[in-house]
Amino acid sequence: MSVGDTPITVVGNLTDDPELRFTAQGVAMARFTLASTPRTYDKTTGQWRDGTAMFLRATAWREVAEHAADSLTKGMRVVATGRLVQHNWQTPEGETRSMLGLDIDDIGPSLKFATAKVTKAQRTGAPAPAAQADPWSTAGPTAPATPAPGTWGGAPAGGPEEPPF
């Protein structure tokens, strides 16, 4: 997260299945809409009332995108954390428009009204763990494994570890 980002956690329901796509560079991206409706208890009537629903267009990247597409479906209640982003554009008539979106950092099913079975995903393309020096060994320290020059986390520069834009 950068300075100036607006972090937010949203609890809501998916209005559609996550749509998984891949950029020209092969980076996974999933888009979906979250609907969050506040509820308040009216003491005079003794009933709950729904407030105005907020719809946020959400985007997840890389492994989070793939896992969301594999795990989440329309109607599921989820807890999502990320950053609010504002998108601005002009209509063909020259009017300026804007909307808020959510760049997802993490998302999962809400367990308030449901249960879930978690399956740990196998990491693909992750570098091997660095060799650790044994402080009690008499053989001397082991050199730690480092990524090759021009790479980040084992991926080539400009590859899937960097944003496609």
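Owing to the predicted nature of the structure, the values given are computational and were not obtained by experimental measurement.

A. Local environment of the overall build of the chain. When its secondary structure is counted, the chain shows 1 helix and 10 strands. Traced from its N-terminal end to its C-terminal end, the chain shows the element sequence β-β-β-β-β-β-α-β-β-β-β. The 165 residues of the chain split such that 22% are buried. Expressed as a percentage of contacts within the chain between residues at least 6 apart in sequence, the contacts between residues at least 24 apart total 56%. With an accessible surface of roughly 12,100 Å², the chain has 54% of that area assigned to carbon and sulfur atoms.

B. Molecular detail of helix α1 (residues 62–71). What α1 keeps buried is the set Arg-62, Ala-65 and Ala-68. For α1, the buried positions fall inside an angular range of 130° around the axis, keeping them on one side. Where α1 is buried, its residues contact β2 (19–22), β3 (28–36), β6 (54–61) and β8 (96–109).

C. Molecular detail of the pattern of salt bridges. Under the counting rule described, the total for this entry stands at 6 salt bridges. With a shortest N-O distance of 3.9 Å, Asp-103 and Arg-83 are connected by a salt bridge. Taken together, the residues span a long stretch of sequence, with Asp-103 in strand β8 and Arg-83 in strand β7 (residues 77–90) at a distance of 20 residues. Taking the shortest distance from any N to any O, the salt bridge between Asp-105 and Arg-83 comes out at 2.7 Å. Residue Asp-105 is located in strand β8, and its partner Arg-83 is located in strand β7; the two are separated by 22 residues in the primary sequence. Salt bridges linked by common partners bring Arg-83, Asp-103 and Asp-105 together as one network.

D. Seen up close, the pairing of strand β1 (residues 6–14). Relative to β7, β1 runs antiparallel, the two being bridged by 8 bridges. When the bridges of β7 are listed, Val-11 appears paired with Val-79. Note that β1 and β3 share 2 bridges and pair antiparallel. Residue pairing for β3: Asn-13 is matched across the bridge by Ala-35.

E. Layout of the side chain of Ser-36. On the secondary structure map, Ser-36 appears in strand β3. Filtering out sequence-adjacent residues up to four positions away, Ser-36 remains in contact with Val-10, Val-11, Gly-12, Thr-52, Ala-53 and Met-54.

F. Representation of the nonpolar core in the model. Judged by nonpolar contacts, the single largest core of 17 residues is most densely connected at Phe-32, Leu-34, Leu-102, Ile-104 and Ile-107. Only β1, β3, β6, α1, β7 and β8 provide two or more residues apiece to this core. Counting residues per element, this core draws most heavily on β3, at 4 residues. Apart from the residues lying within four places of it in its own chain, the contact partners of Ile-104 are Phe-32, Ala-58, Thr-59, Ala-60, Val-64, Ala-80, Thr-81 and Gly-82.

Conventions and cut-offs
- Residues numbered from 1 in each chain as written.
- Predicted model: local features only at pLDDT ≥ 70, side-chain atom pairs only at ≥ 80, totals over all residues.
- Heavy atoms only, no water.
- Helix = DSSP H or I, 4+ residues; strand = E, 2+ residues; numbered from the N terminus.
- Buried < 20%, exposed > 50% of the residue type's maximum accessible area, 1.4 Å probe, protein only.
- Contact = heavy atoms within 4.5 Å.
- Areas by Shrake-Rupley, 256 points an atom, 1.4 Å probe, with all protein chains shown as cover.
- Arc of directions from axis to C-beta.
- Salt bridge = Lys/Arg side-chain N within 4 Å of Asp/Glu carboxyl O.
- Pairing = 2+ DSSP bridges.
- Core = buried A, V, L, I, M, F, W, Y, C linked by side-chain atoms within 4.5 Å.

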